[in-house]
Amino acid sequence: MPRAALTAASGGHAQRESLSLMSSRVGDAFLRKPYFVDGATDLVTLCRELAARDIGDALVRDGDRLGIFTTTNLRDVLLMDRPPAAIRVDEIASFPAVSIPIGDDLFQAMILMLRHRVHRLVVRDDAGAVAGVLSQLDLMGFVANHSHLIAVEAAEAASIPELKAAADQIEPLIRVLHADGVRVEVIAELVGELNRAVFRRLWELVSPEDLRARSCLIVMGSEGRGEQIIRTDQDNGLILADDVDPAAAAPAAEAFTAALVDFGYPPCPGGIMARTPVWRQTVSGYRQTIGRWIYGEDPEGPMNLAIFMDALAVAGDARLLDEAKGHMQRLMSDSDAYLARFAASVNSFSDDRSWWTRLPGMRGRASAEIDLKKLGIFPIVQGARALALKHGIAALPTAERLAALAEQRRLPAPMARDLTDALHFLMGAKLDNNLAQIAQGRTPDNLIRLEDMGTLDRQALKDSLGIVRDFRDWISQQFRLST
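Residues numbered from 1 in each chain as written. Predicted model: local features only at pLDDT ≥ 70, side-chain atom pairs only at ≥ 80, totals over all residues. Heavy atoms only, no water.

Points about the packing of helix α7 (residues 160–167) against helix α9 (residues 184–206)
- Two elements in contact, α7 and α9, have axes separated by 10 Å at closest approach and are oriented at 170°. Taken together, the axis directions place α7 and α9 in an arrangement best described as roughly antiparallel. Along the contact surface, α7 presents Ile160, Leu163 and Ala167, while α9 presents Val198, Arg201, Leu202, Leu205 and Val206.
- Looking at the contact of α7 with α9 residue by residue, the class counts come to seven nonpolar, no polar and one charged. (Axes fitted to C-alpha atoms, helices over the stretch in contact; angles between N-to-C directions. Helix = DSSP H or I, 4+ residues; strand = E, 2+ residues; numbered from the N terminus. Parallel < 35°, antiparallel > 145°, perpendicular 65-115°, else oblique. Contact = heavy atoms within 4.5 Å. Nonpolar A, V, L, I, M, F, W, Y, C, P; charged D, E, K, R; others polar.)

Written out as structure tokens, the structure is:
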């Protein structure tokens, strides 16, 4: 099935404009595979088939007629005085289905939808045969930069190579959105949703059904918070029901990690991946591990706990994650000493509290590379995370945590606003730098050369890091940390 390659749009706004309603054909858009049903089929049987296929429409054959049934037609059933099992589909389907040739302009498809007040069109090939179904959502997703198209292709991928083809479109999409001036937090949210669509479908492809039903695939860290844009590493894990042997889940977990590496998601240097035993445990195993992170002497305990705190369920039984997080919350509720230890890591990378004042001058150490994540993003994220843990805030994204803290008057509203602005600036600076690194053939990382920044951006960086410094001081006071 033909489609416009998003990579062609990665050169900037002008190229993206070529993917508009006025210049693209119906065949360039994503066409859903048609599902045909005989008009004599009863309504209950049809609805059961639609549910099994996870689709919302069917093409109805009634002799020479071709109609369409959608869940909207179910409204008519409520007006009938017969049970659904006694109602034939051809009694309530819409005839005839509105059709459009595959070579017509997408603009014509939009006109037809508006004219006939429908949300789906039957697309016919040059011979008149049904080539697929074009939905209004897919049409608008195509026009609006292909994000919806990528998600649909990921969800419907029949093999790992097909899924990789969908995943490969995410980075070009990032470039298009960034070049068009889309806010960094919007890009991050969209990319997070697309990544999760890829992870979910990959897990379905590599794991047996019984394992999927008795496990919960999770993403953590910046991926769980929806704040990772460029693929820098993968933070994922697997929580298993207590009657599942972790060793039995190892092959699927290994295949999942290996495929993500092939897709361009680098392995986590710290081993925070489903293939690592500590991140592939039963829910009882996780409860015990969480207890060791809190009460044990492992220096990595607080950081592992922080990473797990940002866990988000991607596939499987989300109740397993809820159970593990609930256990963590109960253990932490009366542990002020550990909360202080947990919060203390906001100062992990701030040994030199004076270097930031030299940013605009670009002299001495100030002209070197700095780590945006360690010196800027991490203290905001970890401080908000510690406060959220202390005050029982369930939100995962840092900006949402800050907003909730301000609403509950746990954090001064002006500080929450400044921290959110600083976080988004730092994320944007990191994205700028990562895209430039990729263009130069370099591996994207968190380091930025100050000499590559303009005067205004250097000043904004200084202001942002000043906000971070004040926040670290405030956190130290709140948790009575030694400075």
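Brief notes about the sheet that holds strand β5 (residues 120–124)
- Reading across the sheet, the three strands line up as β4-β5-β6 and stay open at both edges, with mixed pairing between neighbours. The two strands at the open ends of the sheet, each matched to only one other strand, are β4 (99–101) and β6 (130–135). Strand-to-strand twist across the sheet, computed as the mean angle between neighbouring axes with direction ignored, equals 35°. (Pairing = 2+ DSSP bridges.)

Notes on empty space enclosed by the protein
- This structure, assessed with the given rule, holds three cavities of 30 Å³ or more.
- As for the second largest cavity, its lining consists of Ile170, Glu171, Ile174, Val191, Asn195, Ile229, Ile230 and Arg231.
- Sorting the residues of the lining of the second largest cavity by element identifies α8 (170–179) and α9 as the ones contributing at least two each.
- In terms of residue count, α8 provides more of the lining of the second largest cavity than any other element does, three residues in total.
- Here the residues of the lining of the second largest cavity sort into five nonpolar, one polar and two charged. (1 Å grid on protein atoms, 1.4 Å probe; cavity = no way out; pocket = protein on both sides within 12 Å on 5 of 7 lines; lining within 4 Å. Points joined across faces, edges and corners; volume = space filled by probe spheres on them.)

Topic: helix α12 (residues 246–263)
- Between the first and last C-alpha of α12 there are 25 Å, a value that for 18 residues agrees with the 26 Å anticipated at 1.5 Å per step.
- Remark: the principal bend of α12, roughly 30°, maps to Ala252.
- Along α12, the residues classified as buried are Ala249, Ala252, Ala253, Phe256, Thr257, Ala259, Leu260 and Phe263.
- Elements that come into contact with the buried residues of α12 comprise α7, α9, α10 (209–213), β7 (215–219), β8 (236–240) and β9 (280–282).
- At the N-terminal end of α12, a side-chain oxygen is found 3.0 Å from the backbone nitrogen of Ala247, two or three residues along, and the residue is Asp245. (Expected span 1.5 Å × (residues − 1). Bend = angle between axes of the 7 residues up to and from the residue. Buried < 20%, exposed > 50% of the residue type's maximum accessible area, 1.4 Å probe, protein only. Polar contact = N/O pair within 3.5 Å; in protein donor to acceptor, adjacent residues only side chain to side chain.)

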